[in-house]
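Listed here are the chains, written in short residue letters.
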Amino acid sequence: MSQRKAPSDAGRATIRDVAERAGVSVASVSRVLSGNYPVSDELRRRVMKVVRDLDYVTNAHARSLAGGGTPTVAILINNITGAAFAHVAKGVEGAATLRGWLSLVGTTGDDPERELALVNLMRQQGVAAVVLLGGAYDYDEYQLRMARFARSLDAAGSHLVLVGRPPLEGDVPATTVDYDNESGAYAMASHLLSAGHRKILVLPGHAELTTARSRLNGARRAFEAYGVPFDPGMVRHGPYDYEHGYEAVETSLREGADFTAVLAGTDVVAAGAMQALRAAGLRVPEDVSIVGYDDIPLASQLTPQLTTVHVPYEEMGRVALRAVADRREGGPGRRRGTDGEHLVLGTHVVVRNSVAPPARRD
């Protein structure tokens, strides 16, 4: 008696194993499993018996590439605990669920090599799109790297979507969903200047980060518009975290910096700055005003509630998914291989209780 070959891939059965065991072609097995073609009852029974015997699992990604199965969108985020872009991921996932799509989330840890590995993995898995969230470092290198990602994904039938990142230059098949970052910072700095503040400590973020550069540029423009000299010595660069906000304000106070307001790059940074002021015996906003950026839930939970810039993060996620779905489904102006679009959402200042006119100092 002849022996059957064992399933390949170290015990994991493939569609070829099923076909061989059932004595039919791979195409016949595919027709039975897809359910989209008429087959005889006898063939269906024979194939499904082998499927059960071998514990064969259909490759859903391959079916998705072939036009069947459930489309999947991969969301790649620098830090999954970051509140702002967690809301973008929520928007993508919610819109995907409404369309019956699946969502995968991966973290890059701000590591370009890991980002590359994840994009390549998602391309191999046949996802409908890869959504990259967050700012970028090293603008020129970023442009080259993202262009390679976009073309590689496009060639595999997928699509690159950049959210909260700079748009790509030239003829690159990618979609960018952004917000008016610089204008938001301009409006926020203008709010402080209109309240009478002239000595403002600015915490825009890492100097190399595109998001921080835009926010710093917006603040500079506001100073210029108000005819107020901008002092680069009042800028403290650092990460978008609580610790940086606390340490930047604590150090500035210890070094004798004279400021009546703090313009923080994010709400989380503002929370740290607020605590440092409180630890130094200063009141917000009676002694020092403070503002943030993002309008995450934390902003309204602080005491006093934080004046900040609202960024429509969840809506950005929904827009990103709709752009992918429209393109995939042949919506207006969505053709594979053409220039990607750049969609920009607005921002606005949310006035709460953390700003007052500068205190008089005798």
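What counts and what doesn't
Residues numbered from 1 in each chain as written. Predicted model: local features only at pLDDT ≥ 70, side-chain atom pairs only at ≥ 80, totals over all residues. Heavy atoms only, no water. Buried < 20%, exposed > 50% of the residue type's maximum accessible area, 1.4 Å probe, protein only. Helix = DSSP H or I, 4+ residues; strand = E, 2+ residues; numbered from the N terminus. Pairing = 2+ DSSP bridges. Expected span 1.5 Å × (residues − 1). Axes fitted to C-alpha atoms, helices over the stretch in contact; angles between N-to-C directions. Parallel < 35°, antiparallel > 145°, perpendicular 65-115°, else oblique. Left-handed = near helix turned anticlockwise from the far one by under 90°. Contact = heavy atoms within 4.5 Å. Nonpolar A, V, L, I, M, F, W, Y, C, P; charged D, E, K, R; others polar.

K.L.:
Would you mind going over the pairing of strand 5 (residues 174-179) with me for this structure?
P.N.:
Successive side chains on a regular strand alternate, one facing one side of the sheet and the next facing the other. Most of strand 5 is tucked away: six of the six residues are buried. Residues Ala174, Thr176 and Asp178 line one face of strand 5 and the alternating positions Thr175, Val177 and Tyr179 line the opposite face, and both faces are buried. Two elements, strand 4 (residues 160-163) and strand 5, share four bridges in a ladder whose sense is parallel. Within strand 5, the residue paired with Val161 across the bridge is Thr175. When strand 5 meets strand 10 (residues 342-345), the two strands line up parallel, connected through four bridges. Of the residues in strand 10, the one forming a bridge with Thr176 is His342.

K.L.:
Before we go on, may I ask you to explain helix 8 (residues 181-194) in this structure?
P.N.:
For an α-helix the count is 3.6 residues per turn, leaving residues at separations of three or four pointing the same way. With 14 residues, helix 8 ought to run about 20 Å at 1.5 Å a step, and its terminal C-alpha atoms sit 20 Å apart, in line with that. Among the residues making up helix 8, those that are buried are Asn181, Gly184, Ala185, Met188, Ala189, Ser190, Leu192 and Leu193. Two residues or fewer after helix 8 comes Gly196, characterised by a positive phi angle close to 110°.

K.L.:
Whenever I open this one, the packing of helix 10 (residues 242-254) against helix 11 (residues 267-279) confuses me. Can you help?
P.N.:
Packed helices, taken two at a time, are described by the angle between their axes plus the distance between the axes. Direction vectors running N to C along helix 10 and helix 11 enclose 40°, while the axes themselves pass 6 Å from each other. By the criterion of interaxial angle, the relationship of helix 10 to helix 11 is oblique. The crossing of helix 10 and helix 11 is right-handed. Of helix 11, the residues touching helix 10 (which contributes Tyr242, His244, Gly245, Tyr246, Val249, Glu250 and Leu253) are Val268, Val269, Ala271, Gly272, Ala273, Gln275, Ala276, Leu277 and Ala279. Taken together, the residues of the contact of helix 10 with helix 11 sort by class into 11 nonpolar, four polar and one charged.

K.L.:
I tried to follow the packing of helix 1 (residues 15-22) against helix 3 (residues 41-54) on my own but got confused; where do I start?
P.N.:
Where helix 1 meets helix 3, the closest approach of the two axes is 9 Å, and the angle between their N-to-C directions is 125°. The pairing of helix 1 with helix 3 is recorded here as oblique in orientation. Where helix 1 crosses over helix 3, the two elements pack in a sense that is right-handed. Contacts between helix 1 and helix 3 involve Asp17, Val18, Arg21 and Ala22 from the former and Arg46, Val47, Val50, Val51 and Leu54 from the latter. Within the contact of helix 1 with helix 3, the residues separate by chemical class into six nonpolar, no polar and three charged.

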